[in-house]
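# Remarks on the overall topology
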Amino acid sequence: MPPAMFGPSAKPQSARYLSFAEREEIALLRAQGCTVQEVARRIGRAASTISRELRRNAATRSGGLEYRASTAQWHAERSAHRPKRAKLALNAALQAYVQDRLAGLVEAPSGVPVPGPPVAWKGRRHGPRQDRRWARAWSPEQIARRLPVDFPDDIAMRISHEAIYQA
């Protein structure tokens, strides 16, 4: 039975990334003395992909820069992991706050709908469309700047607009 590091990952890998079989093929072809261009031609990838793979994932333990598929796979899997979970995934209250404002479904504790930010209407062709959902929704920038106002003492209720976009 192969070690766990050689087994299939929990989720299938995208064709965008090199597979372990492709890395083995690269190692074999490089050991035979093939050039980067020849390796790329044989496995059907761009030469820049192969060059980058050889540069990033070379085994340096022996002092040289030999390419080993197992070491390269380990490096690739290690660098693919996100070091920590996203802030919105960890904080349920923050996630609910952000989702409600993005959807335009903001209500006060009494159940009264809270109006979204003011939207300037120019009315050029079709007149105002204030009944639309996106007119009531808040932008990530507006949400990020409103959090310190609504939660001045709670540091956990802070997030940047870039993190909201990413989530």
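Not measured: the values here are computed from a predicted model.

## Here we look at the packing of helix 2 (residues 36-43) against helix 3 (residues 47-56)
Two elements in contact, helix 2 and helix 3, have axes separated by 8 Å at closest approach and are oriented at 115°. In this structure, helix 2 meets helix 3 at a crossing whose hand is right-handed. In this structure, helix 2 contributes Val-36, Gln-37, Val-39, Ala-40 and Ile-43 to the contact, and helix 3 contributes Ala-47, Ile-50, Ser-51 and Leu-54. Residue composition of the contact of helix 2 with helix 3, grouped by class: 7 nonpolar, 2 polar and no charged.

## Some remarks on the side chain of Asn-91
Here Asn-91 shows up in the loop between helix 5 (87-90) and helix 6 (92-103). Among the polar contacts made by the side chain of Asn-91, one reaches the main-chain carbonyl oxygen of Ala-156 at a distance of 3.1 Å. Residue contacts for Asn-91: discarding those within four places in its chain leaves Ala-156 and Met-157.

## A look at the pattern of salt bridges
According to the stated counting rule, one finds 5 salt bridges in the structure shown. Note that Arg-23 is salt-bridged to Glu-53, the shortest N-O span being 2.7 Å. Placement of Arg-23 in helix 1 (residues 20-31) and of Glu-53 in helix 3 is noted, with a sequence separation of 30 residues between them. For the pair Arg-23 and Glu-53, a shared accessibility class is recorded, and that class is buried. Of the charged contacts in the structure, one is a salt bridge between Arg-41 and Glu-38, with a shortest N-O distance of 3.0 Å.

## Describing the confidence of the model for the protein chain
Across the protein chain, the average pLDDT comes to 80, with 73% of residues at or above 70. Highest mean pLDDT in the protein chain belongs to helix 2 (94); lowest belongs to helix 7 (residues 133-136) (59).

## Concerning the packing of helix 1 against helix 4 (residues 69-80)
As a packed pair, helix 1 and helix 4 sit with axes 8 Å apart at the nearest point and diverge in direction by 140°. What the angle tells us is that helix 1 and helix 4 run oblique. Judged by the twist between their axes, the crossing of helix 1 over helix 4 is right-handed. Contacts from Phe-20, Arg-23, Glu-24 and Ala-27 in helix 1 reach Ala-69, Ser-70, Ala-72, Gln-73 and Ala-76 in helix 4. In terms of residue class, the contact of helix 1 with helix 4 is made up of 5 nonpolar, 2 polar and 2 charged.

## A look at the packing of aromatic side chains
Inspection of every chain in the model, using the stated rule, returns 1 aromatic pair. Seen in terms of ring centroids, Tyr-97 and Phe-151 are 5.4 Å apart; in terms of plane orientation they differ by 70°. Their pairing is edge-to-face. One end of the pair, Tyr-97, is in helix 6; the other, Phe-151, is in the loop between helix 8 (140-150) and helix 9 (161-166), and 54 residues separate them in sequence. Sitting over the ring of Tyr-97, Arg-101 keeps its end group 3.7 Å from the ring centre.

## Some points on the nonpolar core
Formed by 14 residues in total, the largest nonpolar core has its most connected members in Ile-26, Leu-29, Val-39, Ile-43, Ile-50, Leu-54 and Tyr-67. Within the residue set of this core, elements represented by two or more residues are helix 1, helix 2, helix 3 and helix 4. Per-element accounting of this core gives the leading share, 4 residues, to helix 2. Not counting the four nearest positions on each side in its chain, Leu-54 is found in contact with Ile-26, Arg-30, Val-36 and Tyr-67. Leu-94, Tyr-97, Leu-147 and Met-157 belong to the second-largest nonpolar core, a separate cluster that totals 10 residues.

Cut-offs and rules
Residues numbered from 1 in each chain as written. Predicted model: local features only at pLDDT ≥ 70, side-chain atom pairs only at ≥ 80, totals over all residues. Heavy atoms only, no water. Axes fitted to C-alpha atoms, helices over the stretch in contact; angles between N-to-C directions. Helix = DSSP H or I, 4+ residues; strand = E, 2+ residues; numbered from the N terminus. Left-handed = near helix turned anticlockwise from the far one by under 90°. Contact = heavy atoms within 4.5 Å. Nonpolar A, V, L, I, M, F, W, Y, C, P; charged D, E, K, R; others polar. Polar contact = N/O pair within 3.5 Å; in protein donor to acceptor, adjacent residues only side chain to side chain. Salt bridge = Lys/Arg side-chain N within 4 Å of Asp/Glu carboxyl O. Buried < 20%, exposed > 50% of the residue type's maximum accessible area, 1.4 Å probe, protein only. pLDDT = per-residue confidence, 0-100. Parallel < 35°, antiparallel > 145°, perpendicular 65-115°, else oblique. Phe/Tyr/Trp six-rings, centres within 6.5 Å; stacked < 30°, edge-to-face > 60°. Lys NZ or Arg CZ within 6 Å of the ring centre and 35° of its normal. Core = buried A, V, L, I, M, F, W, Y, C linked by side-chain atoms within 4.5 Å.

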